[in-house]
Amino acid sequence: MIEVSVVGEQDWRAWRAMRRQALAEAPSAFCSTLAGWSGDGDREERWRARLREVALNLVLTLEGRPAGMVSATDPGPDGAVELISLWVAPGARGRGVADAAVEAVLDWARREHPGAAVVLSVKTGNAPAVRLYRRHGFVDAGPGPADRAEQRMRHR
């Protein structure tokens, strides 16, 4: 059973543990790095601020164990919600966790920001992620805005 939970700044320890695991396991998948969130970058207030400043932060559990995470922003200057920071633990992959994460963001965007497009950036070589997003109605929207090694996708 997959459970999806909204987390806030009071949950910073659980978020920190999962995010550091994600950055260590899939360093090329994110703009952030484990080094950037370690040492002086690994401060309680910084983790709390991350959870406070990003509109939606979700942790997914599978059979009671932490299995994944995803976030989404409020609409930006272009009016679009952005799906960010999606990661699924290796042992939970292929079990519906990523699908549940994407659906939770889409549901939240429809409810909180009716009519807003949902966009994301994905590394161009990440074929499983591209397939996941296409399954949920995302289409290619050109190169990523900050990194030419990323492709932008937009929900229809």
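Basis of the calculations
- Numbering of residues starts from 1 in each chain and follows the order in which that chain's sequence is written.
- Residues qualify for local features only when their pLDDT is at least 70, as the model is predicted, and side-chain atom pairs are given and counted only at 80 or more; totals for whole chains, interfaces and linings, by contrast, use all residues.
- Side-chain measures were taken over the full set of non-hydrogen atoms in the model, leaving aside hydrogen atoms and water.
- Numbered from the N terminus, helices here are DSSP runs of H or I no shorter than four residues, and strands are runs of E no shorter than two.
- Burial classes follow relative accessibility: with a 1.4 Å probe on protein chains only, a residue under 20% of its type's maximum area counts as buried, one over 50% as exposed, and anything between as partly exposed.
- For this analysis, residues touch if any pair of their heavy atoms sits within 4.5 Å.
- The accessible surface values rely on the Shrake-Rupley method and a 1.4 Å probe; as for residues, cover is taken only from the protein chains in view.
- Positive charges come from Lys and Arg, negative ones from Asp and Glu, while His and the chain ends are left out of the count.
- Taken as the charge location is NZ of Lys, CZ of Arg, CG of Asp or CD of Glu.
- For two strands to be treated as a pair, DSSP must find at least two bridges joining them.
- The handedness rule is simple: strands pointing away from the viewer, and a clockwise path from the first strand over the helix to the second, make the crossover right-handed.
- We define the nonpolar core as a collection of buried residues of types Ala, Val, Leu, Ile, Met, Phe, Trp, Tyr and Cys that are connected through side-chain atoms lying within 4.5 Å of one another.

A. Just the overall build of the protein chain, in detail. Looking only at helices and strands, the protein chain features 4 helices and 7 strands. Seen in sequence order, the protein chain has helices and strands lined up from the N terminus as β-α-α-β-β-β-α-β-α-β-β. In terms of overall dimensions, the protein chain has a C-alpha envelope of 40 × 35 × 30 Å along the principal axes. The buried share of the protein chain, taken over its 156 residues, is 43%. By sequence separation, contacts in the protein chain at least 24 residues apart represent 57% of the contacts at least 6 residues apart. Just so you have it, the protein chain exposes about 8100 Å², and 50% of that area is on carbon and sulfur atoms. The distance from the centre of the 22 positive side-chain charges to the centre of the 20 negative ones in the protein chain is 4 Å.

B. Geometry of the pairing of strand 4 (residues 81–88). Within strand 4, 6 of the 8 residues are buried, leaving the element largely enclosed by the surrounding structure. Of the strand pairs in this sheet, strand 4 and strand 5 (residues 118–123) are connected by 2 bridges, and their pairing is parallel. Pairing of Glu82 across the sheet is with Val119, part of strand 5. The parallel pair strand 4 and strand 5 is bridged by helix 3 (residues 97–112), and the resulting crossover is right-handed.

C. Expanded view of the nonpolar core. Core analysis: the biggest nonpolar cluster contains 29 residues, and Val70, Leu83, Leu86, Val102, Val118, Tyr133 and Phe138 have the highest contact counts within it. Elements that contribute at least two residues to this core include exactly strand 2 (56–62), strand 3 (65–72), strand 4, helix 3, strand 5 and helix 4 (127–135). If one sorts the elements of this core by residue count, helix 3 sits on top with 8 residues. Of all hydrophobic cores here, the second largest spans 15 residues; its members include Trp12, Met18, Trp37 and Val59.

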